[in-house]
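# Report on the structure
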Amino acid sequence: MTAALAEALRAGDRRALAQALTRVEAGGAEALALLEALGPPRGAHRVGVTGPPGAGKSTLVSALAAVWRGAGRRVGVLAVDPSSPFTGGALLGDRIRMQAHLGDAGVFIRSMASRGALGGLAPAIYDAADVLDAAGFDPLLIETVGVGQGEVEVCAVADTTVVVLAPGAGDAVQGLKAGLLEVADLVVVNQADRAGAEALAQALDGTLDLRPGGAPPLLRTVATEGRGVAELAAGIDARRPGPNGAGAERPLRRARERIRAAVDRARAGRFWAGRAEALEAAARAVADGRLCAARAAAAFCEEDR
Ligand SMILES: Nc1nc2c(ncn2[C@@H]2O[C@H](COP(=O)(O)OP(=O)(O)OP(=O)(O)O)[C@@H](O)[C@H]2O)c(=O)[nH]1
Ligand SMILES: [Mg+2]
């Protein structure tokens, strides 16, 4: 049954695709069997799109999908919701922004919760990308909100990382500089129609010049009008990892990060299971000033030996 599902998926069957994604999201032995049955990846270009909330990532992703559809490509989109309790509206918004592609079998869009109780991207996101790859979608766009550690993780999933910024996020840029900009293969100033966009681009230009290993390309877009989007699509295509090209080491790095993340997560889950009360008690003691946080952590670590 698993082999039949994998086969139908590779043949492009839509229902098989939905079924396969549901299965990998559920996890467990059946998910594992299916992922194994998919065989080696076809090599879809995995593109991470990250940046602060409201920068226009979803609008840009939708516009990019339109460009690639025009070139006859089949585009997969995974929108990762890092904090599901708060962004129910954002997901709904994403669906509205992407509805231009409704009814087009050449664009597949799925929103996924990262279920980040332990932090980090859920392994299911990596797995879902493999399913879309097997189904022949290429490129795969993975949208995540870059608000902290997420940006490093999106790199672990992606061959190419696009960082989207917009005017008004001026203060955020300072804080994000170290994290987001360091991992960017392409930097986009979106909402280039708005006041402050040029100042932001200039500030970024100066910052990016200082980056070790050279400055990534900086592009300006107006996602809502599609301006600059074809250029961005071309810039992304140019970064497609080849055997000798830029990013050739990415699949290896991705494999390493992915294995490590899955194991860390499983271990952490096991460790904290049954320790909810102990954690609560320790947290209270720390919050009340009765216990040093470092000491509390050290005590838990001691139990893990
Ligand atoms: N003026 C202008 N508005 C834009 C542009 N791109 C996006 N917007 C608007 O900015 C708002 C946020 O866009 P989204 O695409 O939802 O941004 P996002 O980065 O995906 O947001 P989150 O997923 O919530 O982090 C929407 O109202 C868009 O219509 C642009 O180029 N110019
Ligand atoms: Mg969005």
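Residues numbered from 1 in each chain as written. Chains lettered and ligands numbered in written order. Predicted model: local features only at pLDDT ≥ 70, side-chain atom pairs only at ≥ 80, totals over all residues. Heavy atoms only, no water.

### Description of helix H2 (residues 14–26)
- Given a rise of 1.5 Å per residue, 13 residues ought to cover 18 Å, and the 19 Å separating the end C-alpha atoms of H2 matches this to within 8%.
- For H2, the side-chain oxygen to backbone nitrogen distance between the N-cap and Arg-15 is 2.8 Å, and the N-cap itself is Asp-13.
- Gly-27, located one to two residues past H2, shows a positive phi value of around 75°. (Helix = DSSP H or I, 4+ residues; strand = E, 2+ residues; numbered from the N terminus. Expected span 1.5 Å × (residues − 1). Polar contact = N/O pair within 3.5 Å; in protein donor to acceptor, adjacent residues only side chain to side chain.)

### Thoughts on the confidence of the model for the protein chain
- Per-residue confidence for the protein chain gives a mean pLDDT of 84, with 81% of residues at or over 70.
- Confidence over residues 84–90 falls short of pLDDT 50; this stretch has two contacts with residues more than four positions distant or in other chains. (pLDDT = per-residue confidence, 0-100. Contact = heavy atoms within 4.5 Å.)

### Description of the side chain of Asp-130
- Structurally, Asp-130 is set in helix H6 (residues 123–134).
- Look at Asp-130 and you get buried, because its relative accessible area is 17%. (Buried < 20%, exposed > 50% of the residue type's maximum accessible area, 1.4 Å probe, protein only.)

### Observations regarding the pattern of salt bridges
- All told, the structure shown has 16 salt bridges when counted by the stated rule.
- In this structure, the salt-bridge partner of Asp-133 is Arg-46, at a minimum N-O distance of 3.7 Å. A residue pair is termed long-range when its members are at least 10 positions apart, and Asp-133 in helix H6 and Arg-46 in strand E1 (residues 46–51) qualify at 87 residues.
- Several salt bridges share partner residues, and in doing so they unite Arg-46, Asp-127, Asp-130, Asp-133 and Arg-258 into one network. (Salt bridge = Lys/Arg side-chain N within 4 Å of Asp/Glu carboxyl O.)

### A closer look at the packing of aromatic side chains
- Evaluation of the coordinates by the stated rule reveals four aromatic pairs.
- Aromatic pair Phe-271 and Phe-300: ring centres 6.3 Å apart, planes at 80°, arrangement edge-to-face. Of this pair, Phe-271 sits in helix H11 (residues 250–272) while Phe-300 sits in helix H13 (residues 293–303), and the two are 29 residues apart along the sequence. Residue Phe-271 shares its accessibility class with Phe-300, and that shared class is buried.
- Members of the aromatic cluster, connected to one another through ring pairs, are Phe-271, Trp-272 and Phe-300.
- Taking NZ or CZ as reference, Arg-74 lies 4.2 Å from the ring centre of Phe-137, over its face.
- Over the aromatic face of Phe-271 sits the side chain of Arg-275, whose NZ or CZ is 3.9 Å from the ring centroid. (Phe/Tyr/Trp six-rings, centres within 6.5 Å; stacked < 30°, edge-to-face > 60°. Lys NZ or Arg CZ within 6 Å of the ring centre and 35° of its normal.)

### Quick word on unusual backbone geometry
- Here the bond from Asp-138 into Pro-139 is cis, since omega is 5°, no more than 30 degrees from zero.
- Mapping Pro-139 onto the fold places it in the loop between H6 and strand E4 (140–145).
- Within the chain, Gln-191 stands out as a residue other than glycine whose phi angle is a positive 60°.
- In this structure, Gln-191 sits in the loop between strand E6 (186–189) and helix H9 (197–209).
- Relative accessible area serves as the criterion here: at 15%, Gln-191 is assigned to the buried category.

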